[in-house]
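# Examining the three-dimensional arrangement
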Amino acid sequence: MAETQGKVITCKAAVVWGPKEPLVIQEICVDPPQKMEVRLKILYSSICHTDLGCWNGTNEAERAFPRILGHEAVGIVESVGEGVKDVKEGDYVIPTFNGECGECKVCKREESNLCERYHVDPMKRVMVSDGGTRFSTTTDKDGRSSQSQPIYHFLNTSTFTEYTVLDSACVVKIDPNAPLKQMSLLSCGVSTGVGAAWNIAKVKEGTSTAVFGLGSVGLAVAEGARARGASRIIGVDANASKFEKGKLMGVTDFINPKDLTKPVHQMIREITGGGVDYSFECTGNVDVLREAFLSTHVGWGSTVLVGIYPTPRTLPLHPMELFDGRSIIGSVFGGFKPKSQLPNFAQQCMKGVVKLEPFITNELPFEKINDAFQLLRDGKSLRCILQISKLLKR
């Protein structure tokens, strides 16, 4: 790696040139890291529904092309920019879309993980330090030579590339002996779900929960609730194939809304004697959110919003409904402060407190990235791991 430090690196990346267009594996140039930046060699990356949403171009305000997507990954530090002290060349790290500078008033408080400068921002497409990009290309999507043009960043990370540059606030050092493929899951999905149960809801032993949406994040919520000793975990999903996987994550009861002649919340109230202690909405659907809210017990029920809501619709609640003692709260990255708390969470995963293996349902080479996207679109994959680069030695 010493041979590349301070130099522009030419490598392969999967570039998306427009909404719903196939990702193109092509050569790009990656600039050296600037002040308080880190350049990583990406080893493994997985695909999340957030990548799929950006690829679809669902939100026009978030569109920026050409772009390198990807935000769940694990890699090794190739070089660091001026001022970076907490990681060095050769460290194994995971990138995080939600950063932690450690210096702002938010980072210094326990109540929030939304760093003032490096919090998640789906609109962000350039680096913080100078408003520029660290990616460029001299070919178009068809491989024809063209003038050099910038390629935009994504969610503070951009991991569908052999090399990437991140703000140091978004790089978390992990145990070099950690299982690398599994560690990539901590960049987003597993941390988001488990953290919603641990840090936001603070699920207690012997309590009951309902998880609406059994994708990767919803199953991670269930796994987090299981690890905290929840006695009843109700999984709600219209895809019956999710239920078998849910059993591995501690789900005790399954409800398919398609099989009911009554609202889901009524069924949950009936089988729990009034409602669950905690509910988690993981679909990003406001109608489902209302069902999740009403499924909790009057007096103390808590609902956590975990899904992403692209709709302009507002909360489907009347203010007076909050006088019943129920509460509702949002969650970003499961409330984890990445640099302060993720290393310990990674250690807990290594000890088996949280099971990561069941989340990995597919593995493909980097060149098959479009196939991996299709698996996710078809609902046939929780997490598909892509091998971006080969690890020569460890």
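Above this text sits the structure in question.
This report concerns the structure included in the present document.

Calculation rules
Residues numbered from 1 in each chain as written. Predicted model: local features only at pLDDT ≥ 70, side-chain atom pairs only at ≥ 80, totals over all residues. Heavy atoms only, no water. Pairing = 2+ DSSP bridges. Helix = DSSP H or I, 4+ residues; strand = E, 2+ residues; numbered from the N terminus. Axes fitted to C-alpha atoms, helices over the stretch in contact; angles between N-to-C directions. Contact = heavy atoms within 4.5 Å. Phe/Tyr/Trp six-rings, centres within 6.5 Å; stacked < 30°, edge-to-face > 60°. Buried < 20%, exposed > 50% of the residue type's maximum accessible area, 1.4 Å probe, protein only. Lys NZ or Arg CZ within 6 Å of the ring centre and 35° of its normal.

On to the sheet that holds strand S13 (residues 278-281), then. Taken in spatial order, the six strands line up as S12-S11-S10-S13-S14-S15 in an open sheet, and their pairing is parallel. The strands lining the two open edges of the sheet, one partner per strand, are strand S12 (253-255) and strand S15 (327-330). The average undirected angle you get between the axes of adjacent strands in this sheet is 20 degrees. Bridge count between strand S10 (residues 208-212) and strand S11 (residues 232-236): five bridges; the pairing is parallel. In the strand pairing of S11, Phe212 is matched with Val236. Each of S10, S11 and S12 is contacted by helix H6 (residues 264-272), which is oriented at about 160 degrees to S11, the strand it contacts most.

Let us now look at the packing of aromatic side chains. Inspection of every chain in the model, using the stated rule, returns six aromatic pairs. Between the aromatic rings of Trp55 and Phe373, the centroid separation amounts to 6.0 Å while the plane-to-plane angle is 55 degrees, which identifies the pairing as tilted. Of the two residues, Trp55 sits in helix H1 (residues 49-56) while Phe373 sits in helix H9 (residues 369-377), which places them 318 residues apart along the sequence. The pair Trp55 / Phe373 is uniform in exposure class, with both members buried. An angle of 75 degrees between the planes, with centres 5.2 Å apart, marks the rings of Phe97 and Phe333 as edge-to-face. Within this pair, whereas Phe97 is found in the loop between strand S5 (92-95) and strand S6 (135-139), its partner Phe333 is found in the loop between S15 and helix H8 (338-350), the two being separated by 236 residues in sequence. By the burial criterion, Phe97 is buried, and Phe333 matches it. Among the aromatic residues, those joined into a cluster by ring pairs are Trp55, Phe160 and Phe373. Stacked on the ring of Trp198, the Lys or Arg Arg228 has its end atom at 3.8 Å from the ring centre. Above the ring of Phe293, the side-chain terminus of Arg326 is found at 5.7 Å from the ring centroid.

A few words now on the sheet that holds strand S1 (residues 9-15). The strand order across the open sheet formed by four strands is S1-S2-S6-S7, and the pairing between neighbours is antiparallel. With partners counted over all chains shown, the strands left at the sheet margins are S1 and strand S7 (145-151), one partner each. Taking each pair of neighbouring strands and ignoring which way they run, the sheet shows an average axis angle of 40 degrees. As paired elements, strand S2 (residues 24-30) and S6 share two bridges and run antiparallel to each other.

On to the pairing of S6. Of all five residues that make up S6, four are buried, and the element is covered over most of its length. As paired strands, S6 and S7 are joined by four bridges and run antiparallel to one another. The partner of Phe135 across the bridge, within S7, is Ile151.

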